[in-house]
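# Chains, contacts and geometry: an overview
Listed here are the chains, written in short residue letters.
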Amino acid sequence: MPVAKVNGVEVEFEPGMTVLQVAELAGEEIPRFCYHERLSIAGNCRMCLVEVKPGPPKPQASCALPAAENQEIFTNTPMVKKAREGVMEFLLINHPLDCPICDQGGECDLQDQAVGYGRDDSRYDENKRAVEEKAMGPLIKTVMTRCIQCTRCVRFITEVAGVPEIGLISRGEDVEITTYLGKAVASELSANVIDLCPVGALTSKPYAFNARPWELKKTESVDVMDALGSSIRVDSRGPAVLRVLPRLNEEINEEWISDKTRYAVDGLSRQRLDRPYLRRNGRLEPATWAEALTAAAERIKATSADRIGVVAGDLQDAESLKAAKDLFGSLGVTSLDARQDGMALGDGPRESWLFNSTIAGIEDADVILLVGTNPRLEAPVLNARLRRRWVAGALTVGVIGEQAELTYAYDYLGAGPDSLANLSKSKGEFLKALKAAKNPAIILGAGALARADGAAIAALAAGIAKTYKMTWNVLHSAASRVGALDLGFVPGEGGKSAGDLVAKGGADLLVLLGADEIDLSASDAFKIYLGTHGDAGAHGADIILPGAAYTEKDGIYVNTEGRVQLGQKAVFPKGEAREDWSILRALSDRLGKTLPYDTLAQLRAKLFEDHPTFGRIDYVATGVSPDLAAIGAKGDLGAAAFESPIKAFHLTNPVARASVTMAECAAEVSAAAKIAAE
Amino acid sequence: MSIRRLSPNQPASFAFTKESQTQVDWWISKFPAGRQQSAVIPLLWVVQKQQGWVSEPALRVVAETLGMPVIRVYEVATFYTMFMLEPVGSVALVQVCGTTPCMLRGAGDLIAVCQKKFGNREHQSADGKFYWQEVECLGACSNAPMAAINDYYYEDLTAESFEAILDDFAAGKSPTPGSAINRTGSAPEGGPQVLSDPKLYDGSAAKPIKKLPNAAPKGKAAKEPAA
């Protein structure tokens, strides 16, 4: 490897690295605004100037200068210091001194670097420029006078999000960042530009003027809005979660999160169930915990086990599922199901319902077949990875299902099961690429598996995967799904599936663990709802037991690749609400079937003992492949086209549906769709 | 320079005329497949030729024609000040050079003429026939002061000759472009003072030139269709 000297210290570096990267290898901090590891190099802020020998006798922009063998790099010479002060002075010429009213204050790159590298005072006494605010939709607030034209937002939206809608218009001192005629940015990842903005030009609209960063309690946790389990940081003050930010996790979300992950949190303080309710004389009335639990226990006792059904929702933590399974298992209930959408996977080897390529590993695939899934809506961050590989020219994508705009080009192979069955007979480039592929993968979504012929489609897809040696991947959209399947939270001997349970006469008693995505209108069962929001599940319930949302409890979530992750409690549950497992524990006491754990630690110990996969936190197996012949079951294929389970990206779960911000986003999207349809 | 914005008054739609379309196709065919975006500036120029200015629907049409995001076209159109973003005069777009050489030679007088005749700069005149602006150096400094009217340079102007030219335009005539005092190019008034020996130009002083070094290969280049 070539060697360069940074401030006199020799450093080995990889060929192709820039001077900035080499200096960082040596542990030198280089200030920068426009440079970002995951975006293309622009070289327009000039803050990263260093002195390089051999070279011209002037400072050089280190972010755009390739490092060379035997180069001498200096980051601490008087020339560099003066250059940085000069650049900073120019940047501050047109930057307003409004830090006291700026939401970026306290976490502002410009603020920090002005203190670190700038002059101590200003020599500028001319007028500053002012720039009109721009409309960028319900998430991004703009104060464009603060913009320093680093163009990170333009590059992110164009390169990573793949929705080229932000641009830099005009020129010279008049340049402005804007969308085309003030259109909202139509990307599921749009709000990441707020994190990228090094100044307060693009800030969070829902969080505007809410808090200062140093007031917030920061809790590192896991996202549940989709099945990727993105790493997040939950910022809370007192009882309120104020915002969610991404955490760096190269294995999953890198440093992006979707808009839903970031902004659905205002739904955590709306429509909440904060006390138990009992239905008396046809109306839900507030009750005490003792009343509610006793009523529930009596009802459960009075119902025979084969007429009881338990349906778990998409946001449940593994602990509450474990407690429910233990409790109702001990009562002899076998009708347990966590698959509200009726997904056909759940028995057989664990790998059959996992994303076996792993999220980071999907980048090694050269040909990917998407079946019944729209990753842009079901897992936007994963979609950005696919796009990156496609942009690099290393990926061919084929789609069977909806012909949606995915931000990359693909070969459209058909809409439904027939196209999948006839794939080997299809003509076109995709099949050729698939045959020649070194590392092909298939990704199945709920659109293909959550239907009456799901098992047959799974078997068919597994056969295709076997023929072409494709890695088997299932992309879930429910955060609880893999954990529930790992636990065996599926109908046992003689048990009914979720779909059968909610049918008319399907059960006499339904226990709903946050189950809000299933149509309960036909069910005539007595319903006990344990959950967080006054959403679909709670409306028809007869007993409501208020539970804790994902930011309000320590919980284990297993993401779609089978990675077990720990969510952390950031705030306390609302009002009288309790953590879900402890409610089930209390209920078990009244049923005389006391669960054998008194603390979460004991529950986890039991969970790890019974299901060893849960004990391997943040571990994901690589290179495993299920026995493809064992997946699914033979059966008739339906003719209906595959449909993505996500109709409205911003409204997929009770938290998001309670969120005002998400409602605004959804309105924006449907308005745009209406215009497009005209 | 001032902040450039799209005009608030926009036509409902834009379509290339048949003649424009020929030019559009010609420009696009100059670039390899997948690189059509490179034709964005020529296409915007074609739009401006056709329309007199560049309207918002035209930006969308150009983006669609070239398969590129409309924001990228918008960026280009706002970057280059020669793309007019609002309707200009139906008869003439008058661009008076106000940069140093012209200014020293009396561009202020020309500007005063425009101000008097048409009103404020960067607005259509009351009758809608004219639109004037002051521009940066147009590269005709040796013929200062000058103004570009529509596609041609009018040079060596005085307030009187400039006004006469503008009156001609208003009357529907097309005045002859070039020097108002009949200079040949930038040669001195009354004709060249040096290099006047005709022998210099008949080839007798040098070897005959058979082929210009940068001449186009014969019969290969496609001709640009007439505007």
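The rules behind each value
- Residues numbered from 1 in each chain as written.
- Chains lettered and ligands numbered in written order.
- Predicted model: local features only at pLDDT ≥ 70, side-chain atom pairs only at ≥ 80, totals over all residues.
- Heavy atoms only, no water.
- Pairing = 2+ DSSP bridges.
- Helix = DSSP H or I, 4+ residues; strand = E, 2+ residues; numbered from the N terminus.
- Axes fitted to C-alpha atoms, helices over the stretch in contact; angles between N-to-C directions.
- Contact = heavy atoms within 4.5 Å.
- Buried area = accessible area lost by both parts, 1.4 Å probe.
- Salt bridge = Lys/Arg side-chain N within 4 Å of Asp/Glu carboxyl O.
- Polar contact = N/O pair within 3.5 Å; in protein donor to acceptor, adjacent residues only side chain to side chain.
- Core = buried A, V, L, I, M, F, W, Y, C linked by side-chain atoms within 4.5 Å.
- Buried < 20%, exposed > 50% of the residue type's maximum accessible area, 1.4 Å probe, protein only.
- 1 Å grid on protein atoms, 1.4 Å probe; cavity = no way out; pocket = protein on both sides within 12 Å on 5 of 7 lines; lining within 4 Å.
- Points joined across faces, edges and corners; volume = space filled by probe spheres on them.
- Nonpolar A, V, L, I, M, F, W, Y, C, P; charged D, E, K, R; others polar.
- Parallel < 35°, antiparallel > 145°, perpendicular 65-115°, else oblique.
- Left-handed = near helix turned anticlockwise from the far one by under 90°.
- Patch = residues over 30% accessible without salt bridge, like charges linked within 9 Å, V, L, I, M, F, W, Y side chains within 5 Å.
- Areas by Shrake-Rupley, 256 points an atom, 1.4 Å probe, with all protein chains shown as cover.
- Domains from an automatic or database assignment.
- Phe/Tyr/Trp six-rings, centres within 6.5 Å; stacked < 30°, edge-to-face > 60°.
- Right-handed = clockwise from strand over helix to strand, strands pointing away.

### Considerations on the sheet that holds strand 24 (residues 543–546) of chain A
Residues and elements named next belong to chain A.
- Strand order in the open sheet formed by seven strands is 14-13-24-23-22-15-16, and the pairing between neighbours is mixed. The open sheet has two free edges, formed respectively by strand 14 (283–286) and strand 16 (335–337), since each of these has just one partner strand. Taken pair by pair, the neighbouring strands of this sheet meet at an average axis angle of 15°, ignoring direction.
- As judged from the two bridges shared by strand 13 (residues 277–280) and strand 24, these two strands associate in the antiparallel manner. Across the sheet, the residue bridging to L278 is I543, located in strand 24.

### Notes on the interface of chain B and chain A
- Contact with chain B, which involves 18 residues of that partner, is made by 18 residues of chain A.
- For the chain B and chain A pair, buried surface summed over both sides reaches about 1500 Å², with 55% attributable to carbon and sulfur atoms.
- Scanning the region where chain B abuts chain A turns up two salt bridges.
- Residues E176 of chain A and R5 of chain B are paired through a salt bridge, measuring 2.9 Å at the closest nitrogen-oxygen approach.
- If you look at where chain B meets chain A, you find eight residue pairs in polar contact (both at pLDDT 80 or more).
- For the side of chain B that touches chain A, the secondary structure elements donating two or more residues are helix 3 (56–66) and helix 4 (70–79) of chain B.

### Section: the nonpolar core
Residue and element names in this part refer to chain A.
- Residues F156 and I368 are the most contacted members of the largest nonpolar core, which totals 104 residues.
- Among the elements that line this core, the one with the most residues is helix 4 (residues 152–160), at five residues.
- With residues near it in sequence (within four places) discarded, I368 still touches I362, L386, L395, T396, V397, G398, F430, A441 and I443.
- With 80 residues, the next largest nonpolar core counts L327, M343, I457 and Y597 among its residues.

### Here's the deal with empty space enclosed by the protein
All names here are of chain A.
- Per the counting criterion, the structure on display carries six cavities of 30 Å³ or more.
- In this structure, the largest cavity encloses a volume near 120 Å³.
- Residue assignment for the lining of the largest cavity shows that the elements contributing at least two residues are strand 23 (526–531) and helix 20 (654–658).
- Each residue belonging to the lining of the largest cavity can be placed in one class, and the counts come to seven nonpolar, four polar and three charged.
- In this structure, the second largest cavity occupies an estimated 90 Å³ of space.

### Remarks on the pattern of salt bridges
- Under the criterion given, the structure shown has 61 salt bridges over all chains.
- Put simply, E163 of chain B and K116 of chain B hold a salt bridge, and the shortest N to O gap is 3.1 Å. One end of the pair, E163 of chain B, is in helix 7 (residues 159–170); the other, K116 of chain B, is in helix 6 (residues 107–118), with 47 residues separating them in the sequence.
- On the basis of relative accessible area, K116 of chain B is assigned to the exposed category, the value being 58%.
- Residues participating in the shared-partner salt-bridge network are R38, E250, E254, E255, E363, R385 and R388 of chain A.

### A few points about the packing of helix 6 of chain B against helix 7 of chain B
Residue and element names in this part refer to chain B.
- Two elements in contact, helix 6 and helix 7, have axes whose closest approach is 9 Å; the angle formed by their N-to-C orientations is 40°. With respect to helix 7, the axis of helix 6 lies oblique. Handedness of the crossing formed by helix 6 with helix 7: right-handed. From helix 6, D109, L110, V113, C114, K116, K117 and F118 reach across to helix 7, where they touch A159, F162, E163, L166 and D167.
- Classifying every residue of the contact of helix 6 with helix 7 by side-chain character gives seven nonpolar, no polar and five charged.

### Description of unusual backbone geometry
- In this structure, P54 of chain A follows K53 of chain A across a cis peptide bond, with omega equal to -5°.
- Within the secondary structure layout, P54 of chain A lies in the loop between strand 3 (49–53) and strand 4 (60–61).
- The omega angle of the peptide bond from A144 of chain B to P145 of chain B is -5°, so this bond is cis rather than trans.
- In this structure, Q149 of chain A takes a positive phi of about 55° despite not being glycine.
- Checked against the element boundaries, Q149 of chain A lands in the loop between strand 6 (140–142) and helix 4.
- Of note in the backbone geometry, D156 of chain B takes a positive phi value of approximately 50° without being a glycine.
- The class for D156 of chain B is buried, based on a relative accessible area of 5%.

### Overview of the side chain of D337 of chain A
Residue and element names in this part refer to chain A.
- Within the secondary structure layout, D337 lies in strand 16.
- Polar contacts involving the side chain of D337 include one to the main-chain amide nitrogen of A498, which spans 2.8 Å.
- Those residues within four positions of D337 in sequence are excluded, and the remaining contacts are V310, V311, A312, F489, V490, P491, S497 and A498.

### Topic: a nonpolar patch on the surface
- Together, V194, L195, L200 and Y201 of chain B give the surface a local cluster of nonpolar side chains, amounting to about 460 Å² of exposed area.
- Tracing the sequence through the fold places L195 of chain B in the segment after strand 5 (178–179).

### Here we look at the domain arrangement of chain B
- The domain architecture assigned to chain B consists of domain 1 (18–79) and domain 2 (92–179).
- Inter-centroid distance (C-alpha atoms) of domain 1 of chain B to domain 2 of chain B is 29 Å.

### Structural notes on the layout of surface pockets
- Taken as a whole, the largest pocket spans an internal volume of roughly 1400 Å³.
- Taken together, 48 residues form the lining of the largest pocket, with V163, E165, K183, A186 and R376 of chain A sitting closest to its centre.
- When residues of the lining of the largest pocket are traced back to their parent elements, those giving at least two are helix 9 (375–378) and helix 21 (660–677) of chain A together with helix 4 of chain B.
- Looking at which element gives the most residues to the lining of the largest pocket, the answer is helix 21 of chain A, with ten residues.
- In the lining of the largest pocket, the residues fall into 27 nonpolar, eleven polar and ten charged.

### Describing the environment of E298 of chain A
Residue and element names in this part refer to chain A.
- Assignment of secondary structure puts E298 in helix 7 (residues 289–302).
- On the basis of relative accessible area, E298 is assigned to the exposed category, the value being 52%.
- Sequence separation of E298 and Y412 is 114 residues, and the distance between their C-alpha atoms is 55 Å.

### Notes on the packing of aromatic side chains
All names here are of chain B.
- Per the counting criterion, the structure on display carries nine aromatic pairs over all chains.
- Here Y154 and F169 contribute two aromatic rings whose centre-to-centre distance is 5.9 Å and whose plane-to-plane angle is 80°, an arrangement assigned as edge-to-face. Residue Y154 is located in strand 4 (residues 152–155), and its partner F169 is located in helix 7; the two are separated by 15 residues in the primary sequence. Here Y154 matches F169 in class, with each residue buried.
- Aromatic rings pair up to connect W45, F79, Y80 and F83 into one cluster.

### Looking at the pairing of strand 4 of chain B
Residue and element names in this part refer to chain B.
- Of the pairings in the sheet, the one linking strand 3 (residues 147–149) to strand 4 comprises three bridges and is antiparallel in character. Looking at strand 4, one finds that A148 is bridged to Y153.
- Between strand 3 and strand 4, which pair antiparallel in sequence order, lie two residues; one of them, N150, sits at a positive phi of approximately 50°.
- Bridge count between strand 4 and strand 5: two bridges; the pairing is parallel. When the bridges of strand 5 are listed, Y154 appears paired with G178.
- Following the chain from strand 4 across helix 7 to the adjacent parallel strand 5, one finds a crossover that is left-handed.

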